[in-house]
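# Descriptive structure summary
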Amino acid sequence: MNDYVSFQQCIGCYIVIVSSATGNSADTAMVNGDGAHEHTEEAESKQDRNGEADGGEESNEQEVIVIQDTGFTVKIQAPGTELFDLQVSPQEMVQEIHQVLMDREDTCHRTCFSLQLDGNVLDNFAELKSIEGVQEGSLLKVVEEPYTVREARIHVRHIRDLLKSLDPSDAYNGVDCNSLSFLSIFTDGDLGDSGERKKKGSELEQIDCTPPEHILPGSKERPLVPLQPQNKDWKVRSSLRLEPSTWKQEDRHRLHTSTTYTFNPKPANPSFLSHSLVELLSQISPAFKKNFTALQKKRVQRHPFERIATPFQVYSWTAPQVDHAMDCVRAEDAYTSRLGYEEHIPGQTRDWNEELQTTRELSRKNLPERLLRERAIFKVHSDFAAAATRGAMAVIDGNVMAINPGEETRMQMFIWNNIFFSLGFDVRDHYRELGGDAAAHTAPTNDLNGVRAYGAVDVEGLYTLGTVVVDYRGYRVTAQSIIPGILEREQEQSVIYGSIDFGKTVVSHSKYLELLDKTSRPLKVQRHSVLNDKNDIVELCSSVECKGIIGNDGRHYILDLLRTFPPDLNFLPVDGEELPPESQRQGFPRQHRHRLACLRQELIEAFVEHRYLLFMKMAALQLMQQKANKDSNKTDTPSITETSETSTECKLEESIPGLAQAKELAETLVAEDGSDPKSREVVLNACKAVGSISNTSFDIRFNPDIFSPGVRFPDDSTDDVQKQKQLLKDAAAFLVSCQIPSLVKDCLDHSALPMDGVTLTEALHQRGINIRYLGTVLEFVDKTPAKAQLQHFYRIGISDLITRCAKHIFKTYLQGVELSALSAAVSHFLNCFLSSFPDAVAHLPPDELVSRRKSRKRRNRVPGSGDNTAWASLTPSELWKNIASEAQSYYHFTVQCESVDQVVEKYGLQKITLLREISIKTGIQILIKEYNFDSRHKPAFTEEDILNIFPVVKHVNPKASDAFHFFQSGQAKVQQGFLKEGCELINEALNLFNNVYGAMHVEICACLRLLARLNYIMGDHPEALSNQQKAVLMSERVLGIEHPNTIQEYMHLALYCFANGQLSTALKLLYRARYLMLLVCGEDHPEMALLDSNIGLVLHGVMEYDLSLRFLENALTINTKYHGPRSLKVALSHHLVARAYESKAEFRSALQHEKEGYTIYKNQMGEAHEKTKESSEYLKYLTQQAVALQRTMNEIYKNGSNASIMPLKFTAPSMASVLEQLNIINGIIFIPLR
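Residues numbered from 1 in each chain as written. Predicted model: local features only at pLDDT ≥ 70, side-chain atom pairs only at ≥ 80, totals over all residues. Heavy atoms only, no water.

Taking an unreviewed UniProt entry as the reference, the protein chain is identified by name as Clustered mitochondria protein homolog belonging to Amphiprion ocellaris. Looking at the protein chain in UniProt, the text filed under Function (unreviewed entry) is "mRNA-binding protein involved in proper cytoplasmic distribution of mitochondria. Specifically binds mRNAs of nuclear-encoded mitochondrial proteins in the cytoplasm and regulates transport or translation of these transcripts close to mitochondria, playing a role in mitochondrial biogenesis." Per UniProt, the protein chain carries the Sequence similarities (unreviewed entry) text "Belongs to the CLU family." (UniProt positions renumbered as here; feature names shortened; annotations may be inferred.)

Right, dumping it as structure tokens:
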């Protein structure tokens, strides 16, 4: 009895509070702030594994096993439950078993306990392999421990979290790394075990195939409500909202005699005593016991991937209206961690810098060490990003005191939770020569790219700051970890490398040169010399802005990495410098808002790769010339530095006999030590021609200080500087003349298929094209002869360009808005942007609010600028004029439209798509309902429709390097046809990914998708289904429910469902994918043809021929438009349509389509090809059927009812034949296993 140190003393009035602790939380549930990370640190993968075991799936799927060690089983004995087995691995900490027990259905209500082996308490942070006596079959006892106040609070919070575990409000509110998933609504729960049950559903008459009207081909309706269907499980929680009033009837059962409003710690009579709050409440209330048990059953039945926290927060741009309920844990948060008070208590904050740097210092000699290190790095980055985001929001919401409160609000800086925050404004004219506020806004993202690059190179002994860039409510906030000691010193004293005034005073340091030299080859940064204000030569291995500071902890930090990559001369006009003709023809150089326009790292990589090929070709060419004129020593080499590299490459590309052999020779030559003078000459000439900094080997690097204002170079490096200038000009020309055309070519041959703004941005960035080139890319598409086949790309580009311009305007628009008027201002902006109502009028907040604000000048509020009500005067025509001028000045693109309706009409855009794009880009969350954009009598949005504003966060994404190498090797094996070996490697990669990232990550998603495909090809359909289900759930959770990747995952899952005989589920999934695609990019997209072919085939399989034809004919139309009428895809589409007509006995139409297909096959593949022969056979069969039908009809006309009718052969399509066609259209080819 003494063990249960009375819960009463510790928990005070919390017993009453728990009655209302089931409501919706709008805020993060931290475990009492100080202990948060201790309780959540290690457990993601473990939760997942255990959940699967509970949910009835094989638990070995997601197990994290380091290669050398295998797992073992221990027995667990907890009070009030039977003995059970638990699979563990030697690397695991005891803490992780705690987490598993807190998640299991039968032990989830315990939080304050220790694990004991033979009476000895196990240390929470000890690894199992280090504990003596822990082995296969060991018995671990769960022993309840006395409560402290902290443990009691943690307990109440955990119970509250259990009670609201099915409540989606945290996902809608974007807290605690919760996010939405709707797959289970379309699959009726779990696909794995219930497959058998569902197979009965393949009896055709049981399937309801009718799609909703709005997803039929040709429908113009784009409803928003189906985006988030309501889940029946979410309603369970209402039965567990234990309001205080219900407790009054059971007064005698209460532990205390307190009521909601009076605190009285005297025990109630009779007194109930229990260690677990759930057990206590279950004794008092039978209804609670029943409902809590039902809730936990539902909780563990959900797929673990629906429950596990994501590593980074994903926000939803739509949410339903949810009634607010009282939640005392949330109320407590509001007075502690929410406002940042708790973060100021010494000893309770995390030292972010120390954590970030210590994890980097962990040993990495072997695989287990590297995994441990990468896992620690990833976890700390994920926690840091979450803390920095919360802090940035608190700063902008006015909840954090500035460290320099006396200064103007734009100049204020903040420290909160050991993180330093600064605003994206040009304070003290720091960026005056570089573009003022525009440069100050860009610098943080450039800096973040630099941090990413140096972090990826990962040089031992060189440290970067934790950096997160947050855009919130129109402000850009940079959050950085704090270098120890930097706040006590002046900047001039601290900086021992680099420059604090853009190159006037420059210093260097041997240790920094040594460390940075290790990064110069991977980052392509040239070591160079500059002059300081005293004309001394200073050697650097980075840009001058890059500062080196040794912290009080003795570590070498680099910061201000905004010029890690060289400048982009296409957007940096320099007097007296001319760009190559390729750039000039496109209208470059162009004036940009700031002078910080840099080339992307991907562009640098592609350019160097391109130059390397050129180098090899040139060396090969010279070797051939040497062979040809052995008697003459003179070699005639074309020069590249004068002409641009693309034209020279074309000369070299001409078919020269024996070039391939010569290239091989050149490669061996380059690998030699250069002892032979002839080969030395060949390499020297090739090096000169491609601009290599070395004369003996290929080595291209850039000097990031070229064209930096204020930076001067020594006289003896004039030639070098000239070379570097030429290299930069060539790189700028390469972007315009090679990368943009290659992007467009990839879109033409459909190897790049952007569907929305996010995937378009990815496609540009992968090829090193900055978003500022979007206008140039669209102009290029406009002039392309095959423009019609790029219509989808052009439309997505225009939509992205317009919403980006609107975002720029929205940013400054929001800065003048008071917190109380936020939703009114946002709804007014959206009305001006999207509503056809011409006289959008803003709703100002009540007068008394305005007058009260005017009388109280609060300097520490939001860094507002300008008049607080200026936003209300915006009109639709003014906004669209501004969008057009922004498009012209920023993207150099002409949008000739004065209203949203003109834009929609001219470019074929959808208003719902524009709404989605602007909401995602600016962080707006709107109420999910049907909006009437086209009404000319009332505006589409009201104040009530704006639910929230979320931050848009950019951060570093640490990588799991070993896992990624396994994944790539697996992919390579699969491409070579070694499926089994490939599958093993991918499985190993999955294990390693889980080890580093936990259970949820976008790279794990790609891994699962590939595994599912391999399972499918190798004939293991149930396994394919299981892996693909995980891939869909994960994609919904980490990318978003309507992200283009999620749409594709749905399509793959539908195929595997069909193969497993789950036809109605397959159709539901395909309908969902089609709805999402209509919302995201509309019907006119090449990917829609694939989706409609899938839907048409499945409908054909279930004998819904008319419906099937609607989808198949739409697919044919889209394929013809985007692949050209002579494409093999179009031939296949014709064949599918012909089969559908055949099934309807409309043989004339079937023949017509099959003839079209046959013609394409004959022209493309020749008479002898098997596809042509197959088509020819099918034509004969159709002709016979048509003739037979005609005979029968003639017989009927002739003899009336006496006609002797031959029965016609109508064969319902077999599932096997439908599946075969599905495999063909989805690009799945079965190859013999090797």
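### Considering the overall build of the protein chain
A count of helices and strands for the protein chain gives 45 helices and 19 strands. By residue count, 58% of the 1234 residues in the protein chain fall in the buried class. Long-range pairs, those at least 24 residues apart, make up 74% of the contacts in the protein chain between residues at least 6 apart in sequence. As presented, the protein chain carries roughly 51300 Å² of accessible surface, and 51% of it is formed by carbon and sulfur atoms. (Helix = DSSP H or I, 4+ residues; strand = E, 2+ residues; numbered from the N terminus. Buried < 20%, exposed > 50% of the residue type's maximum accessible area, 1.4 Å probe, protein only. Contact = heavy atoms within 4.5 Å. Areas by Shrake-Rupley, 256 points an atom, 1.4 Å probe, with all protein chains shown as cover.)

### With respect to empty space enclosed by the protein
Counted under the stated rule, the structure contains five cavities of 30 Å³ or more. Put simply, the largest cavity is a space of about 90 Å³. Here the lining of the largest cavity takes three residues from helix α15 (residues 352-361), the largest share from any one element. Of the residues assigned to the lining of the largest cavity, the class counts are four nonpolar, five polar and one charged. (1 Å grid on protein atoms, 1.4 Å probe; cavity = no way out; pocket = protein on both sides within 12 Å on 5 of 7 lines; lining within 4 Å. Points joined across faces, edges and corners; volume = space filled by probe spheres on them. Nonpolar A, V, L, I, M, F, W, Y, C, P; charged D, E, K, R; others polar.)

### Here's the deal with the packing of helix α28 (residues 791-815) against helix α33 (residues 911-922)
For the pair α28 and α33, the least separation of the axes is 9 Å and the interaxial angle reads 45°. On the basis of their axis angle, the class for α28 and α33 is oblique. The two elements α28 and α33 meet at a crossing, and its hand is right-handed. Taken together, the residues of α33 that come into contact with α28 (itself represented by Ser-799, Asp-800, Thr-803, Arg-804, Ala-806, Lys-807 and Phe-810) are Leu-914, Glu-917, Ile-918, Lys-921 and Thr-922. Tallied by class, the residues present in the contact of α28 with α33 amount to four nonpolar, three polar and five charged. (Axes fitted to C-alpha atoms, helices over the stretch in contact; angles between N-to-C directions. Parallel < 35°, antiparallel > 145°, perpendicular 65-115°, else oblique. Left-handed = near helix turned anticlockwise from the far one by under 90°.)

### Quick word on the sheet that holds strand β17 (residues 924-927)
Taken together, three strands build an open sheet; the order of strands is β6-β17-β18 and the sheet is mixed. The strands lining the two open edges of the sheet, one partner per strand, are β6 (318-319) and β18 (946-949). In this sheet, β17 lies alongside β6 in parallel orientation, the contact comprising two bridges. Across the sheet, residue Thr-318 finds its bridge partner in β17, namely Ile-926. (Pairing = 2+ DSSP bridges.)

### Description of helix α11 (residues 277-284)
Structurally, the α-helix is built with 3.6 residues per turn, so residues lying three or four positions apart point the same way. Most of α11 sits inside the fold, with six of its eight residues counted as buried. Taking the backbone nitrogen of Val-278 as reference, a side-chain oxygen 3.2 Å away marks Ser-276 as the first, capping residue of α11. (Polar contact = N/O pair within 3.5 Å; in protein donor to acceptor, adjacent residues only side chain to side chain.)

### Considering the pairing of strand β7 (residues 413-416)
Burial along β7 is one-sided: the residues Phe-414 and Trp-416 are buried and none of Met-413 and Ile-415 is. In terms of strand pairing, β7 meets strand β8 (residues 419-423) through four bridges, oriented antiparallel. For Trp-416, the partnering residue across the bridge sits in β8 and is Ile-419. A loop of two residues connects β7 with β8, the two strands running antiparallel in sequence, and Asn-417 in this loop sits at a positive phi of about 55°.

### As for the pairing of strand β3 (residues 113-117)
Most of β3 is tucked away: five of the five residues are buried. As judged from the five bridges shared by β3 and strand β5 (residues 139-144), these two strands associate in the antiparallel manner. Residue pairing for β5: Leu-117 is matched across the bridge by Leu-140. Relative to strand β4 (residues 120-121), β3 runs antiparallel, the two being bridged by two bridges. Paired with Gln-116 across the bridge in β4 is Val-121. In sequence, β3 turns back onto β4 through a hairpin of two residues, with Asp-118 there showing a positive phi of about 50°.

### Structural notes on the confidence of the model for the protein chain
In regions of low pLDDT, the predicted coordinates are not meant to be interpreted in detail. Averaged over the protein chain, the pLDDT score is 83; the fraction of residues at 70 or greater is 81%. In this model residues 337-346 is a low-confidence stretch, pLDDT under 50, and it forms 23 contacts with partners more than four residues away in sequence or in other chains. (pLDDT = per-residue confidence, 0-100.)

### Here we look at the environment of Asp-945
Topologically, Asp-945 is positioned in the loop between β17 and β18. Overall, the relative accessible area of 2% leaves Asp-945 in the buried class. Remark: the alpha-carbon pair of Asp-945 and Thr-318, spanning 627 residues in sequence, is separated by 9.8 Å. If we skip the residues at most four places from it in the chain, Asp-945 touches Gln-925, Ile-926, Leu-927, Lys-929, Tyr-931 and Ala-940.

### Some points on the sheet that holds β7
As summarised here, the arrangement of the five strands in space is β7-β8-β11-β10-β19, forming an open sheet in which the pairing is antiparallel. Looking at strand neighbours, the two that pair on one side only are β7 and β19 (952-955), the edges of this open sheet. Across the sheet, the axes of successive neighbouring strands diverge by a mean angle of 20°, strand direction being ignored. Together, β10 (467-472), β11 (475-481) and β19 form the strand contacts of helix α17 (residues 436-457), whose direction differs from that of β10 by roughly 145°.

### Remarks on the pattern of salt bridges
Evaluated as defined, the whole model comprises 65 salt bridges. Of the charged contacts in the structure, one is a salt bridge between Lys-524 and Glu-605, with a shortest N-O distance of 4.0 Å. Of the two residues, Lys-524 sits in the loop between α19 (510-523) and β13 (528-531) while Glu-605 sits in helix α21 (residues 601-628), which places them 81 residues apart along the sequence. Looking at Lys-524, the relative accessible area reads 15%, which means it is buried. (Salt bridge = Lys/Arg side-chain N within 4 Å of Asp/Glu carboxyl O.)

### Observations regarding the packing of aromatic side chains
Applying the stated rule across the entire model yields 31 aromatic pairs. Centre to centre, the rings of Phe-571 and Phe-588 are 5.5 Å apart; their planes meet at 70°, and the pair counts as edge-to-face. Within this pair, whereas Phe-571 is found in the loop between β16 (556-559) and α20 (581-585), its partner Phe-588 is found in the loop between α20 and α21, the two being separated by 17 residues in sequence. Look at Phe-588 and you get buried, because its relative accessible area is 3%. By way of ring pairs, the aromatic residues Phe-312, Phe-378, Phe-967, Phe-993 and Tyr-997 are connected into one cluster. The aromatic ring of Tyr-463 is capped on one face by Arg-555, whose charged end is 5.5 Å from the ring centroid. (Phe/Tyr/Trp six-rings, centres within 6.5 Å; stacked < 30°, edge-to-face > 60°. Lys NZ or Arg CZ within 6 Å of the ring centre and 35° of its normal.)

### Observations regarding unusual backbone geometry
With an omega of 0°, the peptide bond between Phe-588 and Pro-589 qualifies as cis. Along the polypeptide, Pro-589 turns up in the loop between α20 and α21. The backbone phi angle of Asp-560 is positive, close to 55°, even though this residue is not glycine. Looking at where Asp-560 falls in the secondary structure, it is placed in the loop between β16 and α20. Unlike most non-glycine residues, Phe-707 shows phi in positive territory, near 65°. Its relative accessible area of 14% is what places Phe-707 among the buried residues.

### Notes on a nonpolar patch on the surface
A contiguous nonpolar patch, built from Met-1193, Ile-1196 and Tyr-1197 and spanning about 310 Å² of accessible area, is present on the exposed surface. Mapping Ile-1196 onto the fold places it in helix α44 (residues 1170-1199). (Patch = residues over 30% accessible without salt bridge, like charges linked within 9 Å, V, L, I, M, F, W, Y side chains within 5 Å.)

### Details of helix α32 (residues 900-907)
Buried within α32 are the following residues: Val-900, Val-903 and Tyr-907. Viewed end-on, α32 has its buried residues packed into an arc of 60°, placing them on one side of the element. At the C-terminal side of α32, Gly-908 shows a positive phi close to 70°. (Arc of directions from axis to C-beta.)

### What to know about the environment of Arg-364
The residue Arg-364 is located in the loop between α15 and α16 (367-396) in this model. Through-space distance from the C-alpha of Arg-364 to that of Glu-374 is 9.1 Å; in sequence the pair is ten residues apart. Only 3.2 Å separates the side chain of Arg-364 from the backbone oxygen of Asp-458, close enough to count as a polar contact.

### Let's talk about the side chain of Glu-1087
Secondary-structure assignment places Glu-1087 in helix α40 (residues 1086-1101). The contacts of Glu-1087, once residues within four sequence positions are left out, are Leu-753, Met-755, Gln-1048, Met-1051 and Met-1077.

### So, the packing of helix α35 (residues 979-997) against helix α36 (residues 1002-1017)
In the contact formed by α35 and α36, the axes pass within 10 Å of each other and the chain directions differ by 155°. Accordingly, the angle class assigned to the pair α35 and α36 is roughly antiparallel. Two packed elements cross with a definite hand, and for α35 against α36 that hand is left-handed. Here Leu-979, Gly-982, Cys-983, Ile-986, Asn-987, Ala-989, Leu-990, Phe-993, Asn-994 and Tyr-997 of α35 lie close against α36, whose contacting residues are Glu-1003, Ile-1004, Cys-1007, Leu-1008, Leu-1010, Leu-1011, Leu-1014, Asn-1015 and Ile-1017.

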